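A look at the structure
If you want the building blocks of each chain, they are given just below.
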Amino acid sequence: MTTPRRFILAGLGASLLAGCAPSARNTGTRTTPPDLRPQRNAGYDAWVAGFRGRATAQGVSPATFDAAFRNAGFLPGVVTRDRNQTEFRRSLEDYLAIAASDERIAKGRAAYASHAPVLQAIEARYGVNRYIVTAIWGLESFYGERQGDIPVIAATSTLAYDGRRGAFFEAQTLAALRILQAGDISPARMTGSWAGAMGHTQFIPTTYAQFAVDFTGDGRRDIWADDPSDALASAANYLARNGWQSGMAWGREDPNGALEPQQGGPRFSTTANFRAIKRYNNSDAYAIGVGHLADRIAGGGPLQMPFPPDRFGLRKADRVALQTGLTRRGFDTQGADGVIGANTTRAITAFQRAQGLPVTSEPSQALLLMLR
């Protein structure tokens, strides 16, 4: 049997590759965007009626189906997001600036300290390094803070009806119904990303069906709970069943290493466990991000080899100074991480217009000098 990929979006959950935060976990204060609220759609309703027969024929009880779809509906924003996905191509330096930011490292160390006994128990059972598990938690949901709050049944059934990847998302919807039927979660609590990735570790329903575990022993595989034990153990189980070798490092920075993801930047030597991490997300940058973040959470230092200047001739410290200068002048870049994303580009554009400069919307040495 071929092991399914855990998720369908490239990179760090796509939103991180875009340089923006994933949707926060619903706390009762967040306003759902209008396009992510159920809307009347006769075609979708007809699809649900037809799917009901297919689902019940495969063992889903009518009661489970009806309860799951009682408050579900067509979500046009899910279709828009699916069709407008961009393949973000960030440098490894930018990727790590997000994946292993100072904030993510600090939160990771705090999260590890709070959950050290359970993480140690998970390592003892599955053989997967506890810091690696913590790092995956940090990249996937910012240690549980950003799990997504879109109803999974509504999201996956909308995408199944839309048809671009209809068979895939019908399978996800069917798997989600089986999760509900097993009593692991209620329909109201089964929330996730717009594409149906769920919980602390962002499992899609079919991956949940294969790899989620009840580590707490309460009879439910609850990867959404405030207690992340089931989710963290499920991530470890996933890695253990996809080639993780106990006691082996993921890899290391190595000036003579064979892996050079960014020309002129750090090189790495990797092991079979690096490939196991890539089974979670098939990206070299993701696997390096997990490994490096795990090392930093465990007390390790930053990478030693500097990254080369970018195409504008700027290094990370220059880009941070540029973002700081723009924000100080009233053109808020929403943070100074050295990653030139949409917020920084908008700030540059606004600053150039305000100063009567040619609008390039791009950073430069000259712009940096003006802002220092």
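Residues numbered from 1 in each chain as written. Predicted model: local features only at pLDDT ≥ 70, side-chain atom pairs only at ≥ 80, totals over all residues. Heavy atoms only, no water.

**Points about the overall build of the protein**
Per the secondary structure count, the protein includes 15 helices and 4 strands. For 372 residues, the compact-globule estimate of 2.2 N^0.38 gives 21 Å, and the protein sits close to it at 22 Å. Taking the principal axes of the C-alpha coordinates as reference, the protein spans close to 65 × 50 × 35 Å. For the protein, long-range pairs separated by at least 24 residues make up 68% of all intrachain contacts whose partners lie at least 6 apart in sequence. When the accessible surface of the protein is summed, it comes to about 16300 Å², and 50% of that surface belongs to carbon and sulfur atoms. (Helix = DSSP H or I, 4+ residues; strand = E, 2+ residues; numbered from the N terminus. Rg over C-alpha atoms; globule rule 2.2 N^0.38 Å. Contact = heavy atoms within 4.5 Å. Areas by Shrake-Rupley, 256 points an atom, 1.4 Å probe, with all protein chains shown as cover.)

**Some words on the UniProt feature "domain: Peptidoglycan binding-like" (unreviewed entry) in the protein**
Annotation from UniProt places "domain: Peptidoglycan binding-like" (unreviewed entry) at residues 316-367. End-to-end, the C-alpha atoms of residues 316-367 are 15 Å apart, and along that stretch the chain is 56% helix and 0% strand. (UniProt positions renumbered as here; feature names shortened; annotations may be inferred.)

**Some points on the nonpolar core**
Of all hydrophobic cores here, the largest spans 86 residues; its most connected members are F69, I132, L177 and M190. In this structure, M190 is in contact with I150, P151, V152, I153, A176, I179, L180, I185, M198 and W224, ignoring residues within four places of it in sequence. (Core = buried A, V, L, I, M, F, W, Y, C linked by side-chain atoms within 4.5 Å. Buried < 20%, exposed > 50% of the residue type's maximum accessible area, 1.4 Å probe, protein only.)

**With respect to the pattern of salt bridges**
The tally for this structure, following the rule as stated, stands at 21 salt bridges. In this structure, R54 and E170 form a salt bridge, with 2.8 Å as the shortest nitrogen-oxygen distance. Of this pair, R54 sits in helix 1 (residues 42-57) while E170 is found in helix 8 (residues 166-182), placing the two residues 116 residues apart along the sequence. Assessed through its relative accessible area of 34%, R54 is described here as partly exposed. Residue D162 is joined to R83 by a salt bridge in which the shortest nitrogen-to-oxygen separation is 2.4 Å. Note that D162 is positioned in helix 7 (residues 152-162) and R83 in helix 3 (residues 76-83), a separation of 79 residues in sequence. Its relative accessible area of 52% is what places R83 among the exposed residues. (Salt bridge = Lys/Arg side-chain N within 4 Å of Asp/Glu carboxyl O.)

**Section: the packing of aromatic side chains**
Tallied over the entire structure, the rule returns 20 aromatic pairs. Aromatic side chains W137 and Y143 sit 5.7 Å apart centroid to centroid with 80° between the ring planes, which places their arrangement in the edge-to-face category. The pair W137 / Y143 is uniform in exposure class, with both members buried. Three or more aromatic residues link up through ring pairs in this structure, and these residues are W47, F51, F65 and F69. The cationic tip of R146 hangs over the ring face of F142; the distance from NZ or CZ to the ring centre is 4.0 Å. (Phe/Tyr/Trp six-rings, centres within 6.5 Å; stacked < 30°, edge-to-face > 60°. Lys NZ or Arg CZ within 6 Å of the ring centre and 35° of its normal.)

**What about unusual backbone geometry?**
With a phi angle near 60°, Y143 is a residue other than glycine that sits in the positive phi range. Note on placement: Y143 falls in the loop between helix 6 (130-141) and strand 1 (150-151). If you check the backbone angles, Q202 has positive phi at about 55° while not being a glycine. Mapped onto the fold, Q202 is located in the loop between strand 2 (191-192) and helix 9 (205-211). Taking the relative accessible area as the measure of exposure, Q202 reaches 7% and is therefore buried.

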